[in-house]
Amino acid sequence: MKKQKPKLAVWKFASCDGCQLSLLDCEDHLLAVADRVDIAYFPEATRAVVKGPYDLSLVEGSVTTPHDEERIHQVRRASRLLVTIGACATAGGIQGLRNFKDVKEFTTIVYASPQYIETLKKSTPISDHVRVDFELWGCPINKSQLLEVISAFLYRRKPNIPAHSVCIECKLRETVCVMVAHGTPCLGPVTHAGCGAICPSYHRGCYGCFGPKETPNTASLSSWLVRLGMKNDAILRVFRTFNANAEAFRKESQAHED
Amino acid sequence: MKPFFIIHRNSLDSLFGALVGRNFTLVGPTLRDRAVAYSEIATVNDLPFGWTDEQDGGTYRLKKSDRQTLFDYAAGPHSWKKFLFPPALQLWEAERQIGPHEASPEYPPSHEGRGEQPRYAMIGVRSCDLHAIAVQDKVFAEGSHRDPTYEARRKNLFIVAVNCSHGGGTCFCRSMNTGPRATSGFDLALTEILEADRHVFLAESGSDRGAQVLREVTQEEAQESDIRAAERITADASVPMGRLMDTTDIRGLLYNNYDHPRWDHAAARCLACGNCTIVCPTCFCNTVEDFTDLAGTRAERRRRWDVCFAVDFSYIHGGSVRSTIRSRYRQWLTHKVATWIDQFGTSGCVGCGRCITWCPVGIDITEEVREIRANRPDDRKTLSEVGHAHT
Ligand code: SF4
Ligand code: SF4
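So, how was this worked out
- Residues numbered from 1 in each chain as written.
- Chains lettered and ligands numbered in written order.
- Predicted model: local features only at pLDDT ≥ 70, side-chain atom pairs only at ≥ 80, totals over all residues.
- Heavy atoms only, no water.
- Helix = DSSP H or I, 4+ residues; strand = E, 2+ residues; numbered from the N terminus.
- Rg over C-alpha atoms; globule rule 2.2 N^0.38 Å.
- Buried < 20%, exposed > 50% of the residue type's maximum accessible area, 1.4 Å probe, protein only.
- Contact = heavy atoms within 4.5 Å.
- Domains from an automatic or database assignment.
- Buried area = accessible area lost by both parts, 1.4 Å probe.
- Salt bridge = Lys/Arg side-chain N within 4 Å of Asp/Glu carboxyl O.
- Polar contact = N/O pair within 3.5 Å; in protein donor to acceptor, adjacent residues only side chain to side chain.
- Nonpolar A, V, L, I, M, F, W, Y, C, P; charged D, E, K, R; others polar.
- Near = heavy atom within 4 Å.
- Phe/Tyr/Trp six-rings, centres within 6.5 Å; stacked < 30°, edge-to-face > 60°.
- Lys NZ or Arg CZ within 6 Å of the ring centre and 35° of its normal.
- Patch = residues over 30% accessible without salt bridge, like charges linked within 9 Å, V, L, I, M, F, W, Y side chains within 5 Å.
- Areas by Shrake-Rupley, 256 points an atom, 1.4 Å probe, with all protein chains shown as cover.
- Lys, Arg positive; Asp, Glu negative; His and termini not counted.
- Charge placed at Lys NZ, Arg CZ, Asp CG, Glu CD.
- Pairing = 2+ DSSP bridges.

Time to look at the overall build of chain A. Broken down by element type, chain A carries twelve helices and five strands. Computed over C-alpha atoms, the radius of gyration of chain A comes to 19 Å, within 12% of the 18 Å expected from 2.2 N^0.38 for 258 residues, which places it in the range of a compact globule. C-alpha atoms of chain A, sized along the principal axes, occupy 65 × 50 × 25 Å. In chain A, which comprises 258 residues, the share counted as buried stands at 53%. Of the contacts made within chain A by residues no fewer than 6 positions apart, 73% connect residues no fewer than 24 positions apart.

See the structure below:
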């Protein structure tokens, strides 16, 4: 008696496709995934469409249009478990920069006939619209973390995705702290672990791609960044990147507006 | 009386050779990422010759020293604990071979934690860190819950201590009675003596193994003048010490001041990043994580260092016990210097200063204790002050 394989769907909202590509990038592991799950909906990889409902939906991208605002509810209804992947889906993404400005102004500058552009004032994470079962942070996500989430889902265990700081990852791989030893500004102490602390291992400060960690104390870090010589506008910019709309980063950047 | 011997700088490699000959892997200070980090070494040339450091809260700078010495720096970014208590370790692994619910036939299967463990010889361990190793011994090798990996590595360990000639900017071993001179817990202890016409090490042994190795390396007995020179060096080291901490009735002080406003002050600055605990040579907390592969044929259990600053660390049914940063910082500091004494009969702090230097925002354990002591509400005396000895 062969058990039916769980059905996996991958959905795209406003995003660059980088996170979905991480799944395709899994190479050999992808075959193992395909062996264990029925890839039922994944337009980036295959045209085959299997009708829902789906056991696991991976959602990439943020909600930026009235149409997507509707569509995400359909996705939710068709999914047993819904996992958001990447900075766009979990925080609103780089396009969340519009949230600090007037998007109308952009459309009139960029498009010849802006009246055809139907877009929302804000770019928002999926969790602002529907219930999300698990969030996988990162711009882009780390493919081993994605495999970890899928494997945890398959064998009904808790995924090992710690929400602590990037500092812990630096320390576990024995990278010398770039902020303490070199005076290089770094967002590591307020950023969610997950990338494996890549930038500090190349003597760069963390850019915060994985968004805020649990209980982030951004205000304290900012005061230290000032001591390291950073000006208000520079601090605003470091918090306003891929995760600009994540609450802790958004508030911190706003605190540095003149 | 313990005889002291002289090892010339140029024959330090014969000491290393004698240890390698005994199948030890040498680990010691090296230059890495502009800091003095402990890694595997082969010869004296791997040591940071002519380098020193400047340390303060949240700041470490490697500097060229004006002295041509090998050990003119204080504690670095790493602690020696990583060699005895590895940051990540596989504890258990099983492969599905037969039916869906059967583990692999040889049980327990091979894994990193139980296999043959490395035999380390640590070169250049300072007095504070010798005390830290003794503290972790109590945790991992002396209690009722022993750690087999730690025990195996510890049993093999050979320690070459170096007496401090450099009081670091954040050091306070003198306050904690843990230095700067190594008095026990080593196989060999060296004091580096640099004079106009010679560069030597005064060597003493602290174990039979140490004495044997020493006999093999040198026959030159130290003169009275060498011993006095070494004493001067270690005494000088204790003069400029970056920090100090008054530990008088420290348990009473902390147990009676759980609501001290200073905890709010610390919480406003603390990032809950966990760096302080990871660099601390005595912090021993770890967590265990279970993994499966995609195919569902392999299961694995791994252990890694964990920190009491993580929300998950105090997660019990229904939520995290220490949800605020205030409660986590207070837990860390109080455990380090107070409840540790109740638990293990010794302080959990040896005054190495690492948590001060490597805190990204320079939070200083000595300053926090001082502020709590200095500005207590009147009803928050220590137990001894109210005439109640704490036992
Ligand atoms: S608490 Fe700080 S000073 Fe004390 S042993 Fe740990 S790292 Fe060193
Ligand atoms: S005391 Fe410093 S190193 Fe420790 S958790 Fe707080 S900010 Fe991080």
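Residues and elements named next belong to chain B. For chain B, the domain assignment lists domain 1 (5-86 + 118-237) and domain 2 (250-386). The straight-line distance from the C-alpha centre of domain 1 to that of domain 2 is 28 Å. At the junction of the two partners, domain 1 supplies 32 residues and domain 2 supplies 29 residues. Of the roughly 2,500 Å² buried where domain 1 meets domain 2, counting both sides, 63% is carbon and sulfur surface. Between domain 1 and domain 2 we count two salt bridges in total. With a closest N to O distance of 2.8 Å, Asp 147 and Arg 303 form a salt bridge. On the surface where domain 1 and domain 2 come into contact, there are 22 residue pairs in polar contact (both at pLDDT 80 or more). Mapped by element, the contributors of at least two residues to the side of domain 1 that touches domain 2 are strand E4 (51-56), strand E5 (59-64), helix H2 (81-84), helix H3 (127-142) and helix H5 (173-176). Sorting elements by how many residues they give to the side of domain 1 that touches domain 2 places H3 first, with nine residues. Residues of the side of domain 1 that touches domain 2, tallied by class, amount to 15 nonpolar, eleven polar and six charged.

The next subject is the pattern of salt bridges. Residues and elements named next belong to chain B. Evaluation of the coordinates by the stated rule reveals 34 salt bridges over all chains. As a salt-bridge pair, Asp 290 and Arg 301 come within 2.7 Å of each other at their nearest N and O atoms. Of the two residues, Asp 290 is situated in strand E11 (residues 286-292) and Arg 301 in strand E12 (residues 298-305); the sequence distance between them amounts to eleven residues.

Before going further, it helps to spend a moment on the interface of chain B and chain A. Facing 48 residues of chain B, the contacting portion of chain A comprises 38 residues. Considering only the surface of chain B that becomes buried against chain A, Asp 33, Leu 271 and Leu 294 of chain B emerge as the three largest contributors, covering 21% of it. Counting across the chain B and chain A interface gives one salt bridge. Among the salt bridges present, the one from Glu 174 of chain A reaches Lys 82 of chain B, with a minimum N-O distance of 2.7 Å. Here chain B and chain A share 27 residue pairs in polar contact (both at pLDDT 80 or more) between them. Secondary structure elements with two or more residues in the side of chain B that touches chain A: E5, helix H9 (262-269), helix H10 (275-279), E11, E12 and helix H11 (325-344) of chain B.

Attention now moves to the site of ligand 1. Neighbouring ligand 1 are Phe 172, Cys 280, Pro 281, Lys 336, Cys 349, Val 350, Gly 351, Cys 352, Gly 353, Arg 354, Cys 355 and Ile 365 of chain B. Taken together, the residues that form the shell around ligand 1 break down as eight nonpolar, two polar and two charged.

Below, the discussion takes up the packing of aromatic side chains. Per the stated rule, a full pass over the model turns up 21 aromatic pairs over all chains. Taken together, a centroid distance of 6.2 Å and an interplanar angle of 40 degrees make the contact between Trp 80 of chain B and Phe 83 of chain B tilted. For the pair Trp 80 of chain B and Phe 83 of chain B, a shared accessibility class is recorded, and that class is buried. Each ring, one from Phe 284 of chain B and one from Phe 344 of chain B, has its centre 5.8 Å from the other, and the planes form 85 degrees; the classification is edge-to-face. Of this pair, Phe 284 of chain B sits in the loop between H10 and E11 while Phe 344 of chain B is found in helix H11, placing the two residues 60 residues apart along the sequence. Overall, Phe 284 of chain B belongs to the buried group, its relative accessible area being 16%. A cation over an aromatic ring shows up here: Arg 71 of chain A above the ring of Phe 13 of chain A, its NZ or CZ 3.9 Å from the ring centre.

Moving on, we come to the site of ligand 2. Around ligand 2, the surrounding shell holds 13 residues, and the nearest of these are Cys 270, Leu 271, Cys 273, Cys 276 and Cys 359 of chain B. Looking at the shell around ligand 2, its residues break down into eleven nonpolar, two polar and no charged.

Along helix H10 (residues 218-227) of chain A, the residues that are buried comprise Thr 218, Ser 220, Leu 221, Ser 222, Trp 224 and Leu 225 of chain A. Of the residues trailing H10 of chain A, Gly 229 of chain A is marked for its positive phi of about 105 degrees.

A contiguous patch of positive charge on the surface is contributed by Lys 3, Lys 5, Arg 36 and Arg 156 of chain A together with Arg 96 of chain B. Among the structural elements, Lys 3 of chain A can be located in the segment before strand E1 (7-12). Lys 3 of chain A sits in the exposed class, given a relative accessible area of 72%.

With that settled, the discussion passes to the pairing of strand E10 (residues 198-205) of chain B. All names here are of chain B. Of all eight residues that make up E10, seven are buried, and the element is covered over most of its length. Both strand E1 (residues 5-8) and E10 contribute to a ladder of four bridges, which runs antiparallel. Considered in E10, the bridge of Ile 6 is made with Leu 202. Taken together, the eight bridges between strand E9 (residues 188-195) and E10 define a ladder with antiparallel strand orientation. Counterpart to Leu 188 in the pairing with E10 is Ser 205. Where E9 folds back onto E10 in an antiparallel hairpin, the turn is made up of two residues.

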